[in-house]
Amino acid sequence: MVVLSLVLGLSEQDDFANIPDLQPAGTQPNQANAQGDKRLPAGGKAGNAVPVQGQPPHDESDRKTEPHSSVSDLVNSLTSEMLMLSPGSEDDEGHEGVSRENLGRIQFSVGYNFQESTLTVKIMKAQELPAKDFSGTSDPFVKIYLLPDKKHKLETKVKRKNLNPHWNETFLFEGFPYEKVVQRVLYLQVLDYDRFSRNDPIGEVSIPLNKVDLTQMQTFWKDLKPCSDGSGSRGELLLSLCYNPSANSIVVNIIKARNLKAMDIGGTSDPYVKVWLMYKDKRVEKKKTVVMKRCLNPVFNESFAFDIPTERLRETTIVITVMDKDRLSRNDVIGKIYLSWKSGPGEVKHWKDMIARPRQAVAQWHQLKA
């Protein structure tokens, strides 16, 4: 078991600003903790996490929090089997076989010690998590909340480059009367750690504790669901890929977008698209479209050719980023698409279709993601 003391009072608003709201259900009881696993005592002054002797250092002591992190960006990970279009087709407004992307699942256990008035939550492992990084993997960790309290959280270590992580970490909520516990909802949020930008949400699980037999430790396997704060879609982008094996090239045609997320105060955006060619996680070449002023359904119809030797295809990723141009401040990211052998199901389908149909422009709608 991992041993760590933690005192309530650590408040990181950006981490929980978009966690689903619940009706307040009383206040935290007051009792300080002395020892144990990762503990969240009820009440007390703000303090720092203090590792106990023998405790290995946190995987990411320099983990930083981004000021506008949204728990629900993963809603945009709901990919569809987008409508496949032959070049020139105008029938592009529908979807065929809409399906939800698999976000993986998580195993955890929860129980209550009546003698010590302590709720125990153990985060065990996760399986089949989606890849969020260029390299086709993720760096997952888990945040634990007892809703409706959003101000205080506990979290696991980061597991580097692992889509099937094992944590086996235990967390204690001490001095917590049972009548208060059953008014709470256990909320687990799995995220992909990113050292240089905000952490990407992967999925969530929530269980009302009044529906759990807490008299003994209960173990659960739960499918991760898209985070549900209702921030809405980032929009979709229609693009085509054309692979020419004899010329060792791929032509990316940015066709048009629809229902883009408004990023400006006036309820609109000034979108343009950046296309990055990546090889083994390194940026090789960048191209971009013109800016379309005040438009949430822009039509670009711009093509870009990239030289890609056949032997490099499996290590190549094409990153499509839809941006909102801002004259007075930094441009905002509306959403991204990662195209490679190792992306999400919809992206992999497009990539494989491109390979299977050489010298043909294969078009597909893609949901923009965080």
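Parameters and conventions
- Residues numbered from 1 in each chain as written.
- Predicted model: local features only at pLDDT ≥ 70, side-chain atom pairs only at ≥ 80, totals over all residues.
- Heavy atoms only, no water.
- Pairing = 2+ DSSP bridges.
- Helix = DSSP H or I, 4+ residues; strand = E, 2+ residues; numbered from the N terminus.
- Core = buried A, V, L, I, M, F, W, Y, C linked by side-chain atoms within 4.5 Å.
- Buried < 20%, exposed > 50% of the residue type's maximum accessible area, 1.4 Å probe, protein only.
- Contact = heavy atoms within 4.5 Å.
- Phe/Tyr/Trp six-rings, centres within 6.5 Å; stacked < 30°, edge-to-face > 60°.
- Lys NZ or Arg CZ within 6 Å of the ring centre and 35° of its normal.
- Axes fitted to C-alpha atoms, helices over the stretch in contact; angles between N-to-C directions.
- Salt bridge = Lys/Arg side-chain N within 4 Å of Asp/Glu carboxyl O.

**A closer look at the sheet that holds strand S11 (residues 200-208)**
Here is step 1: An order of S8-S7-S10-S11 is seen for the four strands of this open sheet, with the pairing classed as antiparallel. The open sheet has two edge strands, strand S8 (154-155) and S11, and neither has a second partner.
Here is step 2: Here strand S7 (residues 140-147) runs beside strand S10 (residues 185-192); their pairing, made up of eight bridges, is antiparallel. Bridging from a neighbouring strand, Leu146 pairs with Leu186 of S10.

**Topic: the nonpolar core**
Here is step 1: Membership of the largest hydrophobic core comes to 30 residues, with the highest contact counts inside it found for Ile106, Phe108, Val110, Leu119, Ile123, Ile144 and Leu186.
Here is step 2: Of all the elements in the fold, those that place two or more residues in this core are strand S5 (105-113), strand S6 (118-127), S7, strand S9 (166-173), S10 and S11.
Here is step 3: Once you skip the residues sitting within four places of it in the chain, Ile123 turns out to touch Ile106, Gln107, Phe108, Val142, Ile144, Thr156, Trp167, Asn168, Glu169, Phe171 and Leu188.
Here is step 4: Of all hydrophobic cores here, the second largest spans 26 residues; its members include Ile250, Ile334, Ile337 and Leu339.

**As for the packing of aromatic side chains**
Geometry of an aromatic ring pair is reported as the spacing of the ring centres plus the angle between the planes.
Here is step 1: Applying the stated criterion to the full structure yields five aromatic pairs.
Here is step 2: When the centroid spacing of 5.5 Å and the interplanar angle of 25 degrees are considered together, the rings of Phe108 and Phe220 count as stacked. Placement of the pair is Phe108 in strand S5 and Phe220 in strand S12 (residues 218-223), with a sequence separation of 112 residues. The burial state of Phe108 is the same as that of Phe220; both residues are buried.
Here is step 3: Judged by centre distance (4.9 Å) and plane angle (85 degrees), the ring pair of Tyr112 and Phe114 falls under edge-to-face.
Here is step 4: One aromatic cluster is present, formed by Tyr112, Phe114 and Tyr178 through successive ring pairs.
Here is step 5: Positioned above the aromatic ring of Trp221 is the side chain of Arg105, whose terminal nitrogen or guanidinium carbon lies 4.0 Å from the ring centre.

**Things to note about unusual backbone geometry**
Here is step 1: The linkage connecting Leu147 with the following residue, Pro148, adopts the cis geometry, with an omega of 15 degrees.
Here is step 2: In this fold, Pro148 is placed in the loop between S7 and S8.
Here is step 3: If you check the backbone angles, Glu128 has positive phi at about 55 degrees while not being a glycine.
Here is step 4: Looking at where Glu128 falls in the secondary structure, it is placed in the loop between S6 and S7.
Here is step 5: Phi is positive for Asn259, which is not a glycine, with a value near 55 degrees.

**Observations regarding the sheet that holds strand S18 (residues 316-324)**
Across a sheet, strands are paired by hydrogen bonds formed along the backbone, either parallel or antiparallel in direction.
Here is step 1: Strand order in the open sheet made by the four strands is S16-S15-S18-S19, with antiparallel pairing throughout. In this open sheet, the two strands that pair with only one neighbour each are strand S16 (282-288) and strand S19 (332-339). When strand polarity is set aside, the average angle formed by the axes of neighbouring strands in this sheet is 20 degrees.
Here is step 2: Where strand S15 (residues 271-279) meets S18, nine bridges bridge the pair, whose relative direction is antiparallel.

**Structural notes on the pattern of salt bridges**
Here is step 1: Tallied over the full model, the rule gives six salt bridges.
Here is step 2: Glu236 is the salt-bridge partner of Arg258, the closest N and O atoms lying 2.9 Å from each other. On the criterion of sequence distance, the pair formed by Arg258 in strand S14 (residues 249-258) and Glu236 in strand S13 (residues 236-244) is long-range, its members being 22 residues apart.
Here is step 3: Here Arg258 falls in the buried class, since its relative accessible area comes to 9%.
Here is step 4: With a shortest N-O distance of 3.2 Å, Asp353 and Lys349 are connected by a salt bridge. Taken together, the residues Asp353 and Lys349, both in helix H3 (residues 345-356) and four residues apart, mark about one turn of the helix.
Here is step 5: The exposure class assigned to Lys349 is partly exposed, which follows from its relative accessible area of 28%.

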